[in-house]
Amino acid sequence: MRVVEISDREEAAAYAAKLLARWGSEVVKVESPNRTPPTEADDRYLNGGKRRISLDVTAPEDRDRLAALIADADIVITDASPADTEAWQLLTLGGGSAVRVSITPFGLSGPYRDYPATASTLLAIGCYTFLSGDIGREPLT
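This structure is a prediction, so every number in the text was calculated from the model and none was measured.

Criteria and cut-off values
- Residues numbered from 1 in each chain as written.
- Predicted model: local features only at pLDDT ≥ 70, side-chain atom pairs only at ≥ 80, totals over all residues.
- Heavy atoms only, no water.
- Salt bridge = Lys/Arg side-chain N within 4 Å of Asp/Glu carboxyl O.
- Helix = DSSP H or I, 4+ residues; strand = E, 2+ residues; numbered from the N terminus.
- Buried < 20%, exposed > 50% of the residue type's maximum accessible area, 1.4 Å probe, protein only.
- Core = buried A, V, L, I, M, F, W, Y, C linked by side-chain atoms within 4.5 Å.
- Contact = heavy atoms within 4.5 Å.

Q: Which residues make up the pattern of salt bridges, and what are the values?
A: By the definition in use, this model includes 14 salt bridges. One salt bridge in this structure joins Glu5 and Lys29, with 2.5 Å as the shortest N-O distance. In this pair, Glu5 sits in strand 1 (residues 2-6) while Lys29 sits in strand 2 (residues 26-31), placing the two residues 24 residues apart along the sequence. Taking the relative accessible area as the measure of exposure, Lys29 reaches 0% and is therefore buried. Residues joined in a network through salt bridges with shared partners are Glu5, Glu10, Lys29, Glu31, Arg35, Asp43, Lys50 and Arg52.

Structure follows, in structure tokens:
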């Protein structure tokens, strides 16, 4: 199975692709040329066993290379923001029959789609902050 991971972070997409690599899939991690490098520990843990390439998805020649990669893939995984996923057409680029997975905190549409996902916002929207603090006072994180 061929997997294309499009991510500049060592978070959800990296972990999902790590599991697929561990189970025998060929994983290609597509990174931006100007991304912040991960810590060595994160890099070894999440990116071991993956082939890595650097592509600028906004450059036409790199988009063609990415489209060719996706066309041969069985699964495409990204944790790009909804705006970037839409702008770069990550869920349609390359055609083919690949399963495409976009991992976002609040989905690709709806009123919260572009909200930042910090620990505080995730706790608040999940109503966990309501459970902490004193009655009649502001919730606590």
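Q: How would you sum up the nonpolar core? Please name residues and give values.
A: If you look at the biggest cluster of nonpolar residues, it comprises 17 residues, and the most contacted ones within it are Val4, Ile6, Val30, Leu66, Leu69 and Val76. If you list the elements that add at least two residues to this core, you get strand 1, strand 2 and helix 3 (60-71). No other element matches the four residues that helix 3 contributes to this core. For Val30, the residues in contact, after removing those within four places along its chain, are Val4, Glu5, Ile6, Ser7, Ile53, Leu55, Leu66 and Leu69.

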